[in-house]
Amino acid sequence: METAIIIIALFVPKEYSVRNEIVINAPKQEVFDYIKMVKNQDHYSKWVMTDPNMKKTFTGTDGTVGFIYAWNGNKQAGAGEQEITGLAEGERTTTEIRFERPFRAIGHTYMATEAASAHSTRVTWGFTGKINYPFNLMTTMMKGTLTKDLGISLNNLKQIIENKQ
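This text gives an overview of the structure that appears in the document. Treat the numbers as computed from the prediction; the structure is a model and nothing was measured.

### So, the side chain of Thr124
Now for step 1: Secondary-structure assignment places Thr124 in strand β7 (residues 120-130).
Now for step 2: Residue class for Thr124 comes out buried when judged on its relative accessible area of 10%.
Now for step 3: Within the structure, the side chain of Thr124 is placed 3.5 Å from the side chain of Glu21, a separation counted as a polar contact.
Now for step 4: Once you skip the residues sitting within four places of it in the chain, Thr124 turns out to touch Arg19, Asn20, Glu21, Tyr110, Met111 and Ala112.

Encoded structure:
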């Protein structure tokens, strides 16, 4: 049985990519100004909410390239840091996430905004990463979980922004 699993893992991709999107009833610039601030994820990210008592440290100026949000939380939240690596004003943010615990890994995320109308914005949140052999067997299951979690987080974001108006 173990041999079969190891052989199957040879054929499972090591890299994964997930994304989810939502339309928020607010102008694009308002939505972008909120999501470019990494600290705002405290209010909508399902992952951050797994440990309300996690320790956080911040380096740099939030909403600018080079800002680092580091966390150290419970078993579910783990530990790591997220750094803003790119900003296209009003359009897109990119970050690198460096996980320390429960396992070491590096992932990349982006959040993109696109005007759906004059008063609504399509937000796309994507995540890419790589899991080395033989742990790459988890990519299929992980992709489903990550996509679902992105959807929950985007729904939280929608509620926050639409209720601010």
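Picking up after the structure, the text goes on.
### A closer look at the nonpolar core
Now for step 1: If you look at the biggest cluster of nonpolar residues, it comprises 29 residues, and the most contacted ones within it are Ile24, Met111, Val123 and Leu157.
Now for step 2: Within the residue set of this core, elements represented by two or more residues are β1 (15-24), α2 (28-35), β3 (68-72), β7 and α4 (139-164).
Now for step 3: Of the residues forming this core, the biggest block, six residues, is contributed by α4.
Now for step 4: In contact with Leu157, not counting residues within four places along its chain, are Ile24, Tyr34, Ile35, Tyr44, Met111 and Val123.

### A look at the pattern of salt bridges
Now for step 1: Following the criterion strictly, the structure yields eleven salt bridges and no others.
Now for step 2: Here Arg19 ties to Glu21 by a salt bridge, and the two come within 2.8 Å at their closest N and O atoms.
Now for step 3: Relative accessible area serves as the criterion here: at 33%, Glu21 is assigned to the partly exposed category.
Now for step 4: For the salt bridge of Glu81 with Arg98, the shortest nitrogen-to-oxygen distance reads 2.8 Å. Of this pair, Glu81 sits in strand β4 (residues 79-88) while Arg98 is found in strand β5 (residues 92-101), placing the two residues 17 residues apart along the sequence.
Now for step 5: Residue classification places Glu81 among the partly exposed positions, given a relative accessible area of 26%.
Now for step 6: Look at Arg98 and you get buried, because its relative accessible area is 17%.
Now for step 7: Taken together, the shared-partner salt bridges connect Glu81, Glu83, Glu96 and Arg98 into one network.

What counts and how
Residues numbered from 1 in each chain as written. Predicted model: local features only at pLDDT ≥ 70, side-chain atom pairs only at ≥ 80, totals over all residues. Heavy atoms only, no water. Helix = DSSP H or I, 4+ residues; strand = E, 2+ residues; numbered from the N terminus. Buried < 20%, exposed > 50% of the residue type's maximum accessible area, 1.4 Å probe, protein only. Polar contact = N/O pair within 3.5 Å; in protein donor to acceptor, adjacent residues only side chain to side chain. Contact = heavy atoms within 4.5 Å. Core = buried A, V, L, I, M, F, W, Y, C linked by side-chain atoms within 4.5 Å. Salt bridge = Lys/Arg side-chain N within 4 Å of Asp/Glu carboxyl O.

As far as function goes, none of this settles anything; it's purely spatial.
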